[in-house]
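Summary of the model geometry
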Amino acid sequence: MTAVIERAINYGLLIFFSILAFVPIAGVVLTAFHGPGEPISGFSVPDPFTLDSFRTAWTEGSFGSSLVTSAEITVTTVVLATVFSVLAGYAFGTMRFRGSTLLFYALLFGLLMPFEATVIPLYFDFRRIGLTDTIWGVILPSTGLSIAFGTFWMRAFFLSAPRSLMEAARIDGASSMGVLLRVLVPYGRPAILTMVVLVFMWTWNDFLLSLVMLSGQNILTAPLSLAFFQAARTSEIQLLAAASIIVAFPVLIVYVFLQRHFIRGMVSGSLKG
Amino acid sequence: MASVTYERAAKHFGDVIALHELSLEITDGEFMVLVGPSGSGKTTALRLLAGLEGLSGGHIRIGDDVVDDMAPRRRDIAMVFQDYALYPQMSVRDNLAFGLKMGKVPRDEIRRRVDTAAEALDIGELLGRKPRELSGGQRQRVALGRALVRQPRVFLMDEPLSNLDAKLRAQTRGEIKRLQQEVGTTTVYVTHDQVEAMTMGDRIAVMSQGRLEQVGDPDTVYSRPANTFVAAFIGSPSMSLVSMSRAPTGVLARGDLHLPLAAGIEGLPDEVTVGVRPEFCRPWRDGETLIGPFEGRVEYAEALGRETFIGVEAADGARFVIEADGNVRVGIGETVRFGLAPGELHLFHAVTGVGITKV
């Protein structure tokens with residue numbers, strides 16, 4: 001009997017919080033399917049369903065080019081951050097070398113430092129070397145930030161990987177790089193893909209850094225153009241809703257493709273493979 | 001194939017000495033078992049040989065090569081790990097082939113060697129599976145196969161049977177020994193199980209607290225233990241060890257317990273430890289040539305069917321284990337009479353534990 005009650009409570013809580021999370025999203029989606037110019041009050045079902053708001057938002061907000069820019073920035077950041085994080089995490093997690101503790105704490109400091117504190121000095125530095133208003137002005141800082149987290153994340157994974165696996169590969173004739181690429185990377189795919197999803201999400205959604213670095217408005221990232229679009233169109237909420245969905249869509253796609261690994265990566269600490 | 005030589009090999013972890021200067025020569029083709037309780041340094045000795053730990057002092061040679069600073073992959077060795085360490089994302093075939101691929105062995109040769117090893121270990125059916133789809137015993141065989149296909153100079157095995165159940169362990173024990181004899185590869189085998197040591201080793205090296213206590217063939221180590229540690233560690237149930245004092249009359253005494261042994265032994269200290277294995281500590285029967293009789297109070301009895309081990313407390317707290325034939329029923333607290341077989345009693349120095357003689 002208690003088991004049944006417990007189950008009911010569990011389900012009740014889960015359903016409640018699911019609704020809490022789902023309702024605003026449903027609101028945005030429903031709103032976006034209204035035609036532009038239709039009067040909307042609160043939570044209303046569109047009649048008829050139309051993609052007109054998406055079309056209008058797409059052309060007027062010129063999201064095409066900003067999505068491409070965001071994609072360039074995000075993909076480059078994810079690739080660079082993943083390569084460097086895996087390599088650095090491998091070193092910190094499996095090798096003993098002089099100064100490793102100190103270096104690791106220096107890296108952690110990068111994680112603890114609020115980014116808002118550094119972004120303005122960074123802007124002046126970058127302006128001096130001519131990197132503002134270029135995508136590299138965003139890629140380099142976000143790669144740096146992601147590496148701090150990624151190294152921390154990958155180090156934890158490499159520390160938890162069975163030592164005998166690495167030792168077996170070393171005895172079998174693999175070099176340090178061979179051990180990493182042939183044994184540990186395939187073994188650690190869930191952890192690596194989780195990191196990829198997180199870094200992708202953070203970089204894609206970044207606003208402050210691109211706002212500061214791309215102040216000339218020649219290049220815009222998707223969240224930036226969403227903000228400008230929003231400032232210009234405060235009253236047309238169906239257009240805003242459609243624009244939000246356009247900007248959020250890529251993250252959703254990446255998450256859907258990698259979610260199985262993502263969840264495995266998140267829980268891999270508590271489960272034995 | 002090659003010999004293996006430890007020359008005063010030592011390993012320290014900070015202030016902890018994991019291995020004191022170990023000197024040990026393992027001949028070409030020999031099956032050497034390093035046996036000892038945990039913390040005895042046996043695994044450290046093996047890992048030093050593998051190159052997974054660096055030496056703190058001394059040298060290790062494989063054949064004529066000094067391997068002190070050589071990377072593991074250049075040592076031409078293969079190792080079987082306690083947890084098998086199979087590559088989880090690779091099929092059994094790829095697990096077996098991994099070392100050969102790393103060694104740039106031609107494709108045909110790899111296929112041939114993997115198939116031969118799979119056949120020898122009866123894992124041909126499993127070649128397409130992933131390690132997680134295998135039972136513990138099957139994983140163990142794959143781990144052995146991975147070492148076998150390499151055809152290395154030395155096999156290193158780190159407690160490879162400890163994760164198997166008792167029956168499978170006994171079976172695999174014989175199989176490893178058979179395979180090793182077939183290929184004739186020098187093998188260093190680490191275990192804490194003295195039964196494995198006794199049944200598998202050409203020679204066994206008994207270790208304790210980072211030191212080599214005795215090395216010899218199983219029979220010698222069993223019948224002529226160098227000291228009380230080896231005497232107690234090898235053999236199951238353990239040898240009974242009783243400290244006794246030398247009386248002026250030439251007997252060794254403890255309370256009412258008198259052994260007429262000390263006569264004629266030169267340099268016998270005043271205090272000795274007398275050791276006797278259960279099979280030489282028998283229930284008393286008139287007419288048998290045993291030293292005794294002695295009386296002891298039964299503390300426990302283990303009837304194994306073919307024999308019964310009876311633990312007794314004799315005079316002044318001296319404890320013995322008696323081996324009786326067949327299924328013997330005795331109650332705890334009963335008094336039994338027993339005798340010791342002459343010629344099978346070990347005398348050890350009471351302070352240092354070093355063996356003196358056998359009487």
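In this text, all values refer to a predicted model and were calculated from it rather than measured experimentally. (Residues numbered from 1 in each chain as written. Chains lettered and ligands numbered in written order. Predicted model: local features only at pLDDT ≥ 70, side-chain atom pairs only at ≥ 80, totals over all residues.)

Focus on the overall build of chain A
Helices and strands together make up the secondary structure of chain A, namely 12 helices and 0 strands. Starting at the N terminus, the α and β elements of chain A follow one another as α-α-α-α-α-α-α-α-α-α-α-α. Considering only C-alpha atoms, chain A reaches an extent of 70 × 70 × 30 Å along its principal axes. When the 273 residues of chain A are sorted by exposure, 36% land in the buried category. Intrachain contacts of chain A at a sequence separation of at least 6 include 75% that bridge at least 24 residues. (Helix = DSSP H or I, 4+ residues; strand = E, 2+ residues; numbered from the N terminus. Buried ≥ 20, exposed ≤ 12 C-beta atoms within 10 Å, placed from the backbone. Contact = placed C-beta atoms within 7 Å.)

Describing the sheet that holds strand 3 (residues 31–35) of chain B
Residues and elements named next belong to chain B. As summarised here, the arrangement of the 6 strands in space is 6-7-8-3-9-10, forming an open sheet in which the pairing is mixed. At either end of the open sheet lies a strand with only one pairing partner, and these are strand 6 (77–80) and strand 10 (211–216). The sheet shows a mean angle of 15° between the axes of neighbouring strands, direction not considered. Taken together, the 5 bridges between strand 9 (residues 203–208) and strand 10 define a ladder with antiparallel strand orientation. Directly across from Met207, in strand 10, lies its bridge partner Leu212. (Pairing = 2+ DSSP bridges. Axes fitted to C-alpha atoms, helices over the stretch in contact; angles between N-to-C directions.)

Let's talk about the domain arrangement of chain A
All names here are of chain A. Here chain A is described as being made up of domain 1 (2–52) and domain 2 (62–267). Between the C-alpha centres of domain 1 and domain 2 there is a distance of 31 Å. Every contact between the two is made by 8 residues of domain 1 and, on the other side, 8 residues of domain 2. Looking at side-chain class alone, the side of domain 1 that touches domain 2 contains 5 nonpolar, 2 polar and 1 charged residues. (Domains from an automatic or database assignment. Nonpolar A, V, L, I, M, F, W, Y, C, P; charged D, E, K, R; others polar.)

Here's the deal with the domain arrangement of chain B
Once the domains are mapped, chain B shows domain 1 (4–224) and domain 2 (237–358). One C-alpha centre belongs to domain 1 of chain B, the other to domain 2 of chain B; they are set 39 Å apart.

Comments concerning the sheet that holds strand 1 (residues 4–13) of chain B
All names here are of chain B. Ordered by their spatial adjacency, 4 strands build an open sheet running 2-1-4-5, and the pairing between neighbours is antiparallel. Two strands in the sheet have a free side with no partner beyond their single neighbour: strand 2 (16–26) and strand 5 (65–66). With 7 bridges connecting them, strand 1 and strand 2 associate as antiparallel partners. Note that in strand 2 the partner of Lys11 across the bridge is Leu19.

A closer look at the interface of chain B and chain A
How big an interface is tends to be stated in terms of the accessible area lost upon association of its parts. Taken together, the contact between chain B and chain A spans 17 residues of the former and 15 residues of the latter. Taken together, the elements giving at least two residues each to the side of chain B that touches chain A come down to strand 6 and helix 2 (92–102) of chain B. Of the residues contributing to the side of chain B that touches chain A, the split by class is 12 nonpolar, 3 polar and 2 charged.

Some words on helix 8 (residues 176–187) of chain A
Residues and elements named next belong to chain A. A rise of 1.5 Å per residue sets the reference length of helix 8, with its 12 residues, at 16 Å; its end C-alpha atoms lie 15 Å apart and thus fit the reference within 8%. Here helix 8 has its buried residues at Val179, Leu180, Arg182, Val183, Leu184 and Tyr187. For helix 8, the elements touching its buried residues are helix 3 (63–94), helix 6 (136–160) and helix 7 (163–171). (Expected span 1.5 Å × (residues − 1).)

Here's the deal with the pairing of strand 21 (residues 355–358) of chain B
The side chains of a regular strand alternate, residue by residue, between the two faces of the sheet. Residue and element names in this part refer to chain B. The sheet contact formed by strand 20 (residues 346–349) and strand 21 spans 3 bridges and is antiparallel. Paired with His346 across the strands is Lys358, a residue of strand 21. Joining the antiparallel neighbours strand 20 and strand 21 is a turn of 5 residues, in which Gly353 adopts a positive phi near 80°.

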